[in-house]
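Here are the chains, one letter per residue:
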Amino acid sequence: MKCWDPRIEEIPKEELHRLQYRLLKTLVYKLYSLSDFYHRRMKEAGVHPDDIRTLEDVQKLPFMYKSDLRDHYPDRLFTVPQEELVRYHVSSGTTGKPTVVGYTQRDIENWTNSLARALVSCGLGRGDVIQVSYGYGLFTGGLGLHYGAERIGATVIPTSTGNTERQIELMMDLKATAIACTPSYLLHIGEVAEKMGVSIKNDTRLRAAILGAEPWSERMRNRIQEWLGVKAYDIYGTSELYGPLFTECHEQQGIHIWGDLALVEIIDPETNAPLPAGERGELTMTVLQKEALPIVRFRIGDITTMRDDVCACGRTHPRITRIEGRVDDMLIIRGINVFPSQIEHTLMGIPEVGREFQIVVDRKAELDSLLVRVELTHEAFSDRIKDLMNIRKKVAERLQSALLVNAEVELVEPGTLPRFEGKAKRVVDRRKL
Ligand code: DLL
């Protein structure tokens, strides 16, 4: 099957814009009358629903921040009574209070359909066996993918995370053709499989991996594809926008954002000005059809670029490029901005470097220091001391030229750095401890 819903996925752009405008206008009127929060915010911003006369007028509306959700914990931004809710999810809130999201039956429908379109665009469908190794529970990854995979008629293995050896046995016994998990967990699965004497590439039917929930680099994709013999697709979403929602298609040229569900803007994080397609900034979304917890101009904090050209696959909806990281994950080292994903991309271009690394930032004598601990491949690790010194020098030079910051490099034995079952934590910022 080429598209799950070709009528909407290949809709002419002008028609999509008209539809978005209609949905936006309806949403704004609804919120003005239904939500104290949005009513107040719009009044403060001096904007009335009648002022929304074009799609670009979305820019007149006030922004919403993660702190708004925390400040209204647990459910004070919901616009439906509890009886209308069919589910809650709760984000773990690495920085402070957790946030609670609620769903009506229709919200679950929209979420599921978005993932059905996405999974079909990754070449999956009836006959596929999809192992869902995202966490099930309060996290949106497991149940989100589960519903999407069932909707397209695939067979789901709901393994959730953990118990990795058993995951590999089930992958073989039940002939999984696809896996959905974080990229860091797939690395771990691949390693554990090797220890069990199993080659994912040769001994399983796995051919696709739906990877996201954390930043990962293009070079990591190449390594995963080559090593495990799968096509690796980027999947994006956040709990506030339902959960995992959008993926790349088989062209692997950016993540398709279904325009009938969400309106994308890229904002300059410093000036708050909207940026045109092709310019890098902070992803901001308005969810056009969301009942329980409406989301308008939500400043997600992820850094990306928008593409507005039509994809070679024929889908007309806007795309975003791979997320580089979150504004608040950016490390400022001696005044220079560094994203952990840049470090990953640089390291994965060095053949002697294995797949795991750790970044340690500290402050010594009032100066920031950056230490990058790098696992070597088994072959490189058995090299002579002199060769190791050369590898260390090479890694330090590559990092210096990519980041414009000096990094101390420590080479470590393969298999010694932490492994992850959910989202990876590769940065230790001792300045914040
Ligand atoms: O991580 C939802 C999800 C589940 C997405 C499964 C994909 C797959 P949260 O826990 O609310 O929701 O975290 C959302 O994770 O703002 C990004 O910073 C990061 N993130 C998610 N997907 C990607 C990705 C889920 N593909 C936050 N690349 C987002 C980079 C990602 N970062």
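Up top is the structure.
Here goes a summary of the coordinates provided. (Residues numbered from 1 in each chain as written. Predicted model: local features only at pLDDT ≥ 70, side-chain atom pairs only at ≥ 80, totals over all residues. Heavy atoms only, no water.)

### Topic: the environment of Val-120
Looking at where Val-120 falls in the secondary structure, it is placed in helix α5 (residues 105–121). Taking relative accessible area as the criterion, Val-120 reaches 3% and is therefore assigned buried. In this structure, the C-alpha to C-alpha distance between Val-120 and Asn-406, residues 286 residues apart in sequence, is 44 Å. With sequence-adjacent residues up to four places away left out, Val-120 is seen in contact with Met-1, Lys-2, Cys-3, Trp-4 and Ile-152. (Helix = DSSP H or I, 4+ residues; strand = E, 2+ residues; numbered from the N terminus. Buried < 20%, exposed > 50% of the residue type's maximum accessible area, 1.4 Å probe, protein only. Contact = heavy atoms within 4.5 Å.)

### Some points on the site of the ligand
The local shell around the ligand holds 20 residues, among which Asp-234, Ile-235, Ser-239, Asp-302 and Lys-423 are the closest. Residue Pro-215 places a main-chain N or O atom 3.5 Å away from a nitrogen atom belonging to the ligand. Within the backbone of Ile-235, a nitrogen or oxygen atom sits 2.7 Å from a nitrogen atom of the ligand. Relative to its free-state accessible area of 610 Å², the ligand is covered by the protein chains to the extent of 93%. Looking at the shell around the ligand, the elements with two or more residues in it are α6 (140–151), β7 (231–238) and β13 (298–307). Take the shell around the ligand: its biggest share by element is five residues, from β7. For the shell around the ligand, a count of residues per class yields nine nonpolar, six polar and five charged. (Near = heavy atom within 4 Å. Polar contact = N/O pair within 3.5 Å; in protein donor to acceptor, adjacent residues only side chain to side chain. Areas by Shrake-Rupley, 256 points an atom, 1.4 Å probe, with all protein chains shown as cover. Nonpolar A, V, L, I, M, F, W, Y, C, P; charged D, E, K, R; others polar.)

These figures come from the coordinates and say nothing about function on their own.
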